[in-house]
Structures are given as structure tokens and as C-alpha cells.
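Working through the structure, step by step
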Number of protein chains: 4
Amino acid sequence: MTDPFAFLVARGPIVDATTPKAWLQAMLDVEAALAAAQAAVDIIPLGAAESIAEACNAERFDVVGIFEDAALGGVPVIGIVERLRGAVDNDFAAHVHRGATSQDIMDTAAMVIVAGCAELAAGQLDTAAGLVDRLTDAHGATPMIGRTLGQFAVATTFGNVTRRWRAGLHDASEALRSSAAGLPVQLGGPVGDGASLGAGAQIAGGVAERLNLVSPGHSWHTVRGPIARVAGAWGLAATAVSAVATQIVSLAASDVGELHERAAGAGGSSSMAHKHNPIAAISARAAAMQVPGLVSTLLTAAGGHEFERAAGSWHAEWPALNAMLRATGSAIGWLETSLQRITVDPERMVANLAAAGAERTP
Amino acid sequence: MTDPFAFLVARGPIVDATTPKAWLQAMLDVEAALAAAQAAVDIIPLGAAESIAEACNAERFDVVGIFEDAALGGVPVIGIVERLRGAVDNDFAAHVHRGATSQDIMDTAAMVIVAGCAELAAGQLDTAAGLVDRLTDAHGATPMIGRTLGQFAVATTFGNVTRRWRAGLHDASEALRSSAAGLPVQLGGPVGDGASLGAGAQIAGGVAERLNLVSPGHSWHTVRGPIARVAGAWGLAATAVSAVATQIVSLAASDVGELHERAAGAGGSSSMAHKHNPIAAISARAAAMQVPGLVSTLLTAAGGHEFERAAGSWHAEWPALNAMLRATGSAIGWLETSLQRITVDPERMVANLAAAGAERTP
Amino acid sequence: MTDPFAFLVARGPIVDATTPKAWLQAMLDVEAALAAAQAAVDIIPLGAAESIAEACNAERFDVVGIFEDAALGGVPVIGIVERLRGAVDNDFAAHVHRGATSQDIMDTAAMVIVAGCAELAAGQLDTAAGLVDRLTDAHGATPMIGRTLGQFAVATTFGNVTRRWRAGLHDASEALRSSAAGLPVQLGGPVGDGASLGAGAQIAGGVAERLNLVSPGHSWHTVRGPIARVAGAWGLAATAVSAVATQIVSLAASDVGELHERAAGAGGSSSMAHKHNPIAAISARAAAMQVPGLVSTLLTAAGGHEFERAAGSWHAEWPALNAMLRATGSAIGWLETSLQRITVDPERMVANLAAAGAERTP
Amino acid sequence: MTDPFAFLVARGPIVDATTPKAWLQAMLDVEAALAAAQAAVDIIPLGAAESIAEACNAERFDVVGIFEDAALGGVPVIGIVERLRGAVDNDFAAHVHRGATSQDIMDTAAMVIVAGCAELAAGQLDTAAGLVDRLTDAHGATPMIGRTLGQFAVATTFGNVTRRWRAGLHDASEALRSSAAGLPVQLGGPVGDGASLGAGAQIAGGVAERLNLVSPGHSWHTVRGPIARVAGAWGLAATAVSAVATQIVSLAASDVGELHERAAGAGGSSSMAHKHNPIAAISARAAAMQVPGLVSTLLTAAGGHEFERAAGSWHAEWPALNAMLRATGSAIGWLETSLQRITVDPERMVANLAAAGAERTP
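Residues numbered from 1 in each chain as written. Chains lettered and ligands numbered in written order. Predicted model: local features only at pLDDT ≥ 70, side-chain atom pairs only at ≥ 80, totals over all residues. Heavy atoms only, no water.

1. Some remarks on the interface of chain A and chain B
A common measure of how large an interface is: the accessible area buried when the components associate. The interface is formed by 56 residues belonging to chain A together with 56 residues belonging to chain B. Both sides of the chain A and chain B interface together cover about 4,600 Å² of buried area, and 64% of this is carbon and sulfur. Contact with chain B buries surface across chain A, with L149, R164 and F307 of chain A losing the most and accounting together for 15% of the total. Put simply, E308 of chain A and R164 of chain B hold a salt bridge, and the shortest N to O gap is 2.7 Å. The tally of links from chain A across to chain B stands at 30 residue pairs in polar contact (both at pLDDT 80 or more). Mapped by element, the contributors of at least two residues to the side of chain A that touches chain B are β1 (143–148), β2 (151–157), α8 (158–181), α10 (225–252) and α12 (291–302) of chain A. With 13 residues, the top contributor of residues to the side of chain A that touches chain B is α10 of chain A. (Contact = heavy atoms within 4.5 Å. Buried area = accessible area lost by both parts, 1.4 Å probe. Salt bridge = Lys/Arg side-chain N within 4 Å of Asp/Glu carboxyl O. Polar contact = N/O pair within 3.5 Å; in protein donor to acceptor, adjacent residues only side chain to side chain. Helix = DSSP H or I, 4+ residues; strand = E, 2+ residues; numbered from the N terminus.)

Below, the structure is given as C-alpha cells:
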């Protein structure tokens, strides 16, 4: 454990999907898909592709060493290709990574990672939406006072609140799934023109098919629409989670008291034993608040690619992307936990509504 | 003129589409569409809707006064509704803004503004892409040295560069158009449940149809997916523009000299008369660089909506949204100008390639 | 009026201090100070310096034309120097802007603008702190329930709240003043080495003295510590204002009701006549929320300066800097307004404390 | 290892200074200092303070367990206090954490961590500045062409470049040291008024003295000037590093070729064996680019603290703060590596200057 605040921003299933091992396996999957696609058009022997496919198993490699060595060349791919060449039959070593460049492997692997994370996170959002539906079913008709700009407004129902939550979570889940649907393979070779790859379009199509990505018809080494699109979708998701969590925290405030987030052992205080803090919703907010800054880092980096491969703007994307996936996924997980813990206090809703009404009568 | 740096970030057609008058007209259009949709289902008299429609003309109002008065209630809608009630037949005053809340009008007007700006900006991106095509047609086959991480890599052609540019600009244009295709009407009434609006869904549909928006089936006063989606799309567009501009600046550097951006009277220096600065590409970069921070402001605000209307997070969206539209639109305009001014130096490309090749030979 | 949301983010005395005219005057002041400092060491004739000083009056120039022309060279200085040369005695034209480069004038003028704005904003923060003191004097001893993580914690007094506010505002005022104390003159000539300026250090000292800046002993064309330092101080100030405004909004919530922000004609609603929204505090939050994104734009730009003058990262600083000054200054102004409008409800504080206490008793 | 991109953004001595164990030790140090300060004014027995001091050793605790348990209460302090009470003499357990609240411990520990990191990072910046001085000594007089906006400007020397670098690094080092000089202890008790702490000011002074912090005279639970000030200083430092790294990358570009960054085994390519990428400078840029977004997260969070302790805005500070320290520290380390590897090519400087001169002659 190296991050003291992993309990906030690197928690739940999203973590395993974004570890060094997960990234290594994604890069190996890209190398294997490339070899298979090249074998299919007779650019490399079928035996080479098979030998490469067999070798492309993260369990067989020194994960720590690979990512430490990345400091030498600035990218983990160099060490992976070297080790992979050592792991296949000698005759086939030259067929590993053929015609590709580091950025082809990294960018395509990033898309594989993002696609997996999107599926995971969308699933969690759906689960959270289901938990919201349970609240609607149980308490949707309960009358409550609506509040705008913090002030009592007019009467509404709790279902008005929960249906908005559901809409937001559903929108987020859709945004993640739809952004993940068209993620492109990257395959341009050293300078992005595909010249080194022979039958470029066919190979790109083959790689895309094997990895569940799409073939965009051109390389995107320095035009980073895919990164910006992913950033936008995850930014939206974090925003939706944060809004629901913010509303839970607001309704759970002692002065309002219409919701409680309670669980044995959780939400206590080091100085005040009587408190029940809505700590899961609070943590969801804290995790989600990391995301806008990370999105801005990704967009800034995406706009700064010069020549045929950027000297820094490309590398800057990786940690921000991984942190964004993790923080968003953690925020969703925290919200799920919060929704599981929520109890509604319909009596308090009715009482608050009555008190608000009294105040509003001229 | 109140912004000294409007020449960088508030320039071209996007400005007229985002002025106080444009926002006022958009809000009036929403009020008129609401009245028309309500008349269509007999909630208000047809005559009222006609009188309101006639009055909903920004030319007839004191634009400056309306936006100055917005400081009183925190939102321009209050002053608009008051004045609009004064502008219609006395009998119809009560039918103005019926069942709606300020946020319904502001949010829907924001979507109208965004849709108009997206059409404008996408058109400019298409124009820019066309200018890139002219470069491809004229010089696409010219051989040049590819550069990765700032270092000579292998030979490629100028068409490899310009085809990437085109792909990026096309992607941006698509992103803006597709984000603008499904922009939702906002219609929830004071606390978002539509209770004050009578036949809510039908009216929302009617308003949406009249304004070329969609009816989302729920209000989104506090779940801000639409704002986040718009932020993501414009962030992507700014990124695409910035990447192309960055590459123009790189290729126009004296040490490279493969492009020049030249125009009579432009790009000079206060101290060095011999210089030809690629000032339009530089300005495109500078304008686009404003956008990631604005996106992060929008996402942060979008995640902070509490209760039925946010006390601050909602209001914070407006200036950031308008500045984002303007900076992105200005960046596109600057890039268009740059592309018009570009001249290619194929001799230098060939010479640089030869020099690079020499260096690469063992 | 070109910005519809000026009522939120471009309001109060900070606006006049950041207009095109203010920037023009600051740039003219720099030119005049340069000429005077050069005359003092006999590099240019005293008569030239006097003629330049007389001409350096923004009233005499076409402000709009100058900033429109800035689109040609990418910087307003070129047009200013040209016009200034036309405005002085023919013999002295060559002594205008002698040895300087555009960035010398822009950067130094930016420091002049920032210094003026810091004085303004610090003064407003002091006024706001004074208004807080009045609250402390009147109600500091009133008991109230403290709330942590939104939950009732233990009893405290309203003075605990207001003394924290005061500390925050005082800290912000100090931060602005101290950041403004050491703002450096920029004087490096075309490539920053001062070679064109003759007796560089002496002249820099003379310019600094005349403009109330300091002479840093080197140019900072591409190392942007001064910009980053200013961004940090204004970020801190916006943060302090936002925290106080957030706490006002929280205490003014109907469910809490311990404060009210009331003023004739302000804080109303388009749909709910009974509401009293704390609109000044809300607007303070909205304005302050613009600042973190602008700070990140400034820091990003500041880190991207290449060679002897950046092609974009420099230009990107200007609109972000001006918007940051305005948004922060507007936020302070809004907070001042809020503090003037605040009324305290000590009965409600006591009643809430009693209710909280009851809840806490086992 | 859980972060695949630690080689970029979590590298060098800053990592050990920001681990879970480092944070745990810092929190234990705060508890020990509190007990000692309380014993000194006879609020707790001297024996209790001694027993607590002895127990406050991170080696004696289950670091992983403590930070995993933090998910329960949302803050690691609860688990630490519990375990610490178990680790001291039974009679003294009640004297542990006496009168303090979780935020007192976390905030003060954060200041301890920041102070240590600032010392570390400032030292590294000084080392980097020393490496720059060696370049100045060896090649400062070498003539070269200055470049502005990417264009050849006028002749200067390499010393003009390196002296700017030195100024930037020195400024950054000063900024870190000066921001670390006045870091405040946090000691307010449950709701920040110090009521639970007895002789508050004296104790705060005692804690501050023992931890090398200052006593601010008030708690800052919800006015976050100290966090904003730290964010500003580290933002400045990252900016300074990024600017130097950007200039190294620019001068090392093949088209310029005036610098090279070379080391055995480093800077290679997976597809182009002949390349020498300035990978350490590139990595410095990539690490530094993470920082502006993190600063904006910190400022946003800092401005959102409501009531007596924020429900989310406080928690959001921790991961962003730790990531900011690490990314900045890593960027400095990468720059140090780059400066160690740099070789200057004075012949190329002279040749480029000649070529530029030729071009400039009318």
C-alpha cells in the first residue's frame, strides 16, 4: 500500500482493473492481437502469432520490473517488447511488435483499460440506480418541503428527489457505455502513417475486432479526441455521483434530518460518540471532487501534442487517466455504500413540511 | 468594449451568439414557446400565447437594464418576466411564465444558446477542415522527416500531418454537432416535479419541438448531465484546435521552417522588424488553453447541486459556460485564419529530410 | 456591455481597474517610466522623456482601435508604440520603447495592474472584516450548536463562527498585500538578456522605483514565478471569500434559520413571492468558484514557456489573469454586500441549540 | 506497487515522505506533542505524556489496517486514537487525544508532512540549480540565436538561458521554503473554539514549538488559507520545473540540436534504435503537468467548507495534497536527472546562429 488515501480514491473493483498488472495484460493483449491480425494477412507466420499469444500472459512477467524500467525509456512498452521477444521462440522474436510503435501499444491498451472500467463503472451505476428505485418504491409518495437556494419553496414528494437521482445515475451509466462503444485502436507505426505496417487498414481492423474496439481509419497519435471524449464521459459520471451524494449529505444534515446513513461501526467520531456522519456519501463527494481537475489535466495535455509524438503531453495523460478512472469508480462505490445504508425518516419529512408551511402563511 | 483581451478570446461570430441580447432573446424564445405549448393544450388562451409571442422580441427591451437588475434577484429571469408582463395585454399578464421557474427559463435558454453556438462552431471547424484539405491536395505527397519526442524519427509525408489535422477537426465538428443534437428542455416548475405545470410531459414536448430541443422526461435542475456533456464536447473541440495550432507553431519554427504563416500587416514584432510570427496559430493556442480550466469549473459546479436548486453551483455555471463557448469559438476562428495564411515550403521539407537522414546513417 | 454575466463576475471597482483603458494606461506608464529611467542615466535626452511622459495619457489614444489592432501582431504593445511615436515630438520618436520588447511592457504593465487590484481588493477584504467584527460585537456571545459534517456536534457561540471568518478574510487581505509587495519589473529586451538596454540593472531599478515595483535582477520572460505567485495569492483570497459565503448560505438555510440576508428588492423569486434568498452570498460563491479553474490555466500556461518567448503560453496568461482579478474582486464585493444585509436571529440559535441538545441526551 | 505510472509521478525521496507510514508517524507526532504540551501546563500527568510519547512510533502499529479502517469513519485518526489508547498504560488511555478532534490531528499532521516535503523538494531544487550553474560555468559565454515565438530573434548567449533557469529554480526553492516557514498548528477541538482544550493558546503554542510549526491564534478548520498557500507555492515550484524542462526539450529537438540528454540505457525507442530522447526532461514535464489540476482541486475544496467541519470538501483535500507533493517532487527529481545528463553542443549553437544570421540579413 503506497497511497494513504486509497480508502477514498482507489477503492473497489476499479482498482484491480487499473493496476500495473492490468495495464501489462492490456498491453500484452494488444501485442497478441497485432500478431494475430498480421498472421491473418500473412505478414507474419501463424506459428509466430500462436507463440506470441501464448507468451502474452502477465503472470509470466516481472510486473514490478517492467514498470520500474519504464523510467529508462519513458514508456513501459520498450521493456515489455524486449521481454516478450525473450519469451517467444527464438525464430519468432522478430515478429513481436512488428511495424508498431510504443504509442500504438500504450494508446490501444489505454482504450482496452477504459472499456473494461466503463463496463465496471456503468454496472455499479446501474446497481446504485436500483438502490434508488427501492427508495422510490418505499417512500416516493412521502410529502416533503422542496428547498431552492437553501430556502423552503413549495411542497413536493421524496419521489421527486429520488427520480432525479435515478435520472442522473442512468444518464451517467449511458454516458460511460456510449463513450466506451466506439473506442479506437491506435495503429500508426513510428510516425503515424502506417507505412511500417503493410496492409494497415486490414490489420487495424483485425486488431480492433480482437480487442472489441473500432478501427478509426487513421492514427490519432497527436489528435487526442478519444482521450478528450473519455475524459468528458467520466467527468459527467463523477458529476452525477457527486450531485446525488451532495443531496444525501444535505438531507441527512441534523437540521433537516430527513435521511440517515447508518451502519454498525461506520460514521463515528473521534470526539463525539453520539454522531452519525453520512460518511459514505461524504467520501463519494470527496472522491468525485478529484475528477474535474483530472479532466482539465487530460484536456490540457490532449491539446499540446506537437509533431508526430508529443514530448510530455502524451506521457502526462497516463497518470491523470488512471487517477480519473479510480476516483470516479471509487466515488460510485461509495455512493452505492451510502445508498445501501440510507434510512428515510418520513415523519421528519412531514414535520418539516408542516413547519415550512406555517412559516409561509402570510 | 470591456475586455482588453477580447481580441484573443471573444472574437468572431461566436460573440454575437453569446451577448446579453442573444441570451435575452433565447430566454424570450423559451417564454414564447412555453406559452404556445400551453395554449396548444388549452391551459392558457390562444390570444395570450399570441400576445406573448409578439412581445418576445429582444429589440423591445432594455437589455442593459435587465442584466443589471439581475444583481437583485441573482438571475435575469425575474426582471424579464416582470417586463414581459408589462409588455403584453393586461388580461394576459398572468399567463406569462405560467407554472415555470427561473431555472426552467435559464437552463432551456442555455441549451438554445449552446445549440446555436455548436452549429456555428461546427461550421467553422468544417471550413477549417476544408482549408486543411487544400494543403493536402497541394502538398500531401511532399516527403518530410517525422519527429517524435522532438527527435528525427523516420521519413513520412506532409499528407500524414494534414490528414491527422483533418481527422481531429472532423472529430471535433462531429462532437459538437452530436452533443447539440439531444439538448434537453428544462421544465420542472419551482421544485422540479412539474406539479405547477399541469400537463407537464405534453407541454415539455411542445416547448422542445418549438425550440429544436428534446424533452428528457424529467427535470434536471440538480442533475447536470447536460451541462457536463456540453462541457466535454467543447473541451474536445478546443483540444483538437489546440493540437493543430500547436503543430503549426512547431512546423513554422525558424529551426524547422517547413511552414510559414504570413499576412500583410500581421505577425510583426515591436522590436524585431524581420520576424514573421505565426500569430494566428499562437492566438488559437492561447484561446484554446482557456478551455480546460473552464471545463473543470463547469464540472465542479455541476457536481455541487443541493436540494431542489443549488445556491451558487448553478449560478457559477453561467459565466464559465459563456466563456467556454467564446474561447473555443475564438480558437477555431484563429485557426481558420492561420490555415488561410499558411504557405508550405516543400524545399525545406526535402532539405530537412536529407539532413535528418544524414544524421541517421550509422 | 458584452458579458451577460458581468453582474456576477465583473462587478464593482475591480472592473475599472482592469478595463482596456486601465491596461493601456498601465502600458503607457511603463513606457514613460522606461524613458524617464533612461533619461536619468543619459541614454536618451531629458526632453524626450518629458515629451514621452506627456504623451503617455490613455485619454489621448483610441483605446478600442489599439486593442482591435492587437489581433494583427498578437499583442497590444505594437500598436501602442506606433501611436506613441506619432504622439511625441518627431525628434523623440526613436527614443520611445528604446531597447525594450513587447513582453517587457506587457509583463510590467500586468504587474502594475495586479498591484492596483491587490490594493483595491485588500481594502474591500478589510471592509468585509470590519462588517464581520460588527456581527461579533453584537452577537459573538450568543450560544449556538456547532455542526460538523452536517451533524449537530457540541455547543459553541456565534463568535466562534465570526472570528473564523475574520481570520480568513484577514489572511486573504494579507496574502494579496504581501504578494503585491514584491512584484517585479520586466526588462530584458528582445531575448531577455538586457543587451539592448545598455545600463540594464540601473534602468530596471529606475523603472521599478517609478512604478512601485521591485527590480528582480534578471528578466523573467520565460520563468513565470511572478505569475504563479499572483495566481496563488488570488486563489487563496477567492477561497477565503467562498468559505465565508458558503457558511452564510448554510446558516441562512430555512432549516437552520440562524442568519438572514435581507434587502429591499433583492433576493426575490420569479415563482415564489415568500422567499428571501441570500443572493449576495450565493453570488459571492458563484464568482469565487470561477477562480480555481483560472488559477490552473495560469499555472499550466506558466509552465509551458519555451525558448526566449512562448508561442501561446504567454498570451494565454492575459485573459485568465484579468478574469481571475475580476472574479475574485467581484466575489469580495458580493460578500461585502451580503455582510451588510445580514441579520442574526439569536432566538433561533438558542432554539436550535436546545433542540440539538435534546436530541443528544441519551 | 499499485500505481503503474509511479515511475513518472511518484518517484524519489518525496515518496517515502508521503507514504501511509509517514502520515501515520506525523499523526502520532501530533498526538505526542499535544500530550507533552498538555503535561507542561499540568492538564495531564507527565507520566501520561511520557507513556504516549513512547507509544507514538509508527513501527509499533498496523499501518495497513489503520488506513483500511479509515473507510469506516472517513478519517484515519479514529483508528489511530483507538489503537494508541490500547498501546499506553491503562491509566493513561483517557489522556490520549484529550480535547482534540480528528481534524486537529489530520490538519496538523498535514502541515508536518508538507514542511518535510518542502525541505526535501527545496533541497532538490538547490541541487538542480547547482547543476545549472555548472552549465553556465562551462558554456555560459557561448553565443547562440535567441528565439521568440519560435522564430529566430537576435543573438544572445547560452548563459542568458541558464541564468533564467537558475532564477526560476531559486525562486521555486524560496517559495517552498517560505511557504513552509509559517505553517500553522491546528488545535480547535470538536467545533473549533478550543473550549475543550482548556488553556488553548498555551497548548497550541507548545504543540507548535514541538513540531516546528507556528501557532496561528485561532483554528482554521473551515478557513483554509494554509492549504491554499501550500497549493500556491507547490504550483509555483511545478511551474518553474516545467518551464526549464520545456526549454530543455526545445533545445534538444533534432532541428535545434544545441543540447542533448544522453545516458547509457535511457531514452531509447521501441521502434527506432537511433533515437536519443530527452526522456528525463520529458518526464519532468509530464509530472509537472499534473500539478495545476491538483492545485485547482485543492482551491475548490478549500472554498467549500460549511459549518464547523466540511462534509466532503475537507476529505477531498487529502488525496489531492499528497498527489501534488509527489508529482512536484517527482518532477524536480526528473529535472535533476535531466540536468545531470545534459551535454551542450557549442558548435551547433554557433552554426545555428550563423544560419539564423544569414536568414536575417536583408
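2. Side note on the confidence of the model for chain A
In the predicted model, chain A carries a mean pLDDT of 94, and 96% of its residues have values of at least 70. The ipTM value of the predicted complex is 0.96, and its pTM value is 0.97. (pLDDT = per-residue confidence, 0-100.)

3. Describing the interface of chain D and chain A
Of the residues lining the interface, 60 residues belong to chain D; the matching set on chain A comes to 60 residues. For the pair chain D and chain A, the summed buried area comes to about 4,900 Å², and 68% of that belongs to carbon and sulfur atoms. Linking chain D to chain A there are 0 salt bridges. Counting the contacts that link chain D with chain A gives 6 residue pairs in polar contact (both at pLDDT 80 or more). Among the elements of the structure, α1 (6–9), α3 (20–40), α5 (63–73), α6 (76–87), α7 (102–139), α11 (279–288), α12 (291–302) and α13 (317–341) of chain D are those that each provide at least two residues to the side of chain D that touches chain A. When residues of the side of chain D that touches chain A are assigned to their parent elements, the largest contribution, 7 residues, is made by α5 of chain D.

4. Here's the deal with the packing of α5 of chain D against α6 of chain D
Residues and elements named next belong to chain D. It is the contact of α5 with α6, at a shortest axis distance of 6 Å, that shows an interaxial angle of 120°. With respect to their mutual orientation, α5 and α6 come out oblique. Considering only the axes of α5 and α6, their crossing is right-handed. Residue-level inspection shows G65, I66, F67, D69, A70 and G73 of α5 in contact with α6, the latter providing P76, I78, I80 and R83. Partitioning the contact of α5 with α6 into residue classes produces 6 nonpolar, 2 polar and 2 charged. (Axes fitted to C-alpha atoms, helices over the stretch in contact; angles between N-to-C directions. Parallel < 35°, antiparallel > 145°, perpendicular 65-115°, else oblique. Left-handed = near helix turned anticlockwise from the far one by under 90°. Nonpolar A, V, L, I, M, F, W, Y, C, P; charged D, E, K, R; others polar.)

5. Quick word on the pairing of strand β1 (residues 143–148) of chain D
All names here are of chain D. With 5 of 6 residues buried, β1 is to be regarded as a mostly interior element. By the bridge criterion, 5 bridges tie β1 to strand β2 (residues 151–157) in an arrangement that is antiparallel. Residue pairing in the sheet places P143 in a bridge with T157 of β2. (Buried < 20%, exposed > 50% of the residue type's maximum accessible area, 1.4 Å probe, protein only. Pairing = 2+ DSSP bridges.)

6. Looking at the packing of aromatic side chains
All chains considered together, the criterion is met by 24 aromatic pairs over all chains. Relative to F5 of chain D, the ring of W23 of chain A has its centre 5.0 Å away and its plane inclined at 80°; by these criteria the two rings are edge-to-face. Of this pair, W23 of chain A sits in helix α3 (residues 20–40) while F5 of chain D sits in the segment before α1, placing the two residues on different chains. We note that W23 of chain A, like F5 of chain D, is buried. Members of the aromatic cluster, each reached through a chain of ring pairs, are F5 and F7 of chain A together with W23, W314 and W318 of chain D. Against the face of W334 of chain C rests R11 of chain C, its NZ or CZ located 3.6 Å from the ring centre. (Phe/Tyr/Trp six-rings, centres within 6.5 Å; stacked < 30°, edge-to-face > 60°. Lys NZ or Arg CZ within 6 Å of the ring centre and 35° of its normal.)

7. Observations concerning the relation of the copies chain D and chain A
Of the transformation superimposing chain D on chain A, the axial component is 0.0 Å and the angular component is 180°, with the fit at an RMSD of 0.0 Å. Read as a symmetry element, the transformation amounts to a two-fold axis. Residues of chain D ranked by C-alpha distance from the rotation axis are headed by G293 of chain D, positioned 2.1 Å from it. The residues that chain D uses at the interface reappear at the interface of chain A in 100% of cases, marking a shared surface. (Least-squares fit on C-alpha atoms with pLDDT ≥ 70 in both.)

8. Overview of the relation of the copies chain A and chain B
In screw terms, the move from chain A to chain B is a rotation of 180° and a rise of 0.0 Å along the axis, fitting with an RMSD of 0.0 Å. Mapped onto chain B, 100% of the interface residues of chain A again fall at the interface, so both copies present the same surface.

9. Points about the environment of A40 of chain D
Residues and elements named next belong to chain D. Secondary-structure assignment places A40 in helix α3. For A40, a relative accessible area of 54% gives the class exposed. Note: C-alpha distance between A40 and T337 (297 residues apart in sequence) is 47 Å.

10. Quick word on the environment of V154 of chain D
All names here are of chain D. Relative to the helices and strands, V154 resides in strand β2. For V154, a relative accessible area of 24% translates into the label partly exposed. Between the C-alpha atom of V154 and that of G357, which follows or precedes it by 203 residues, the distance is 8.2 Å.

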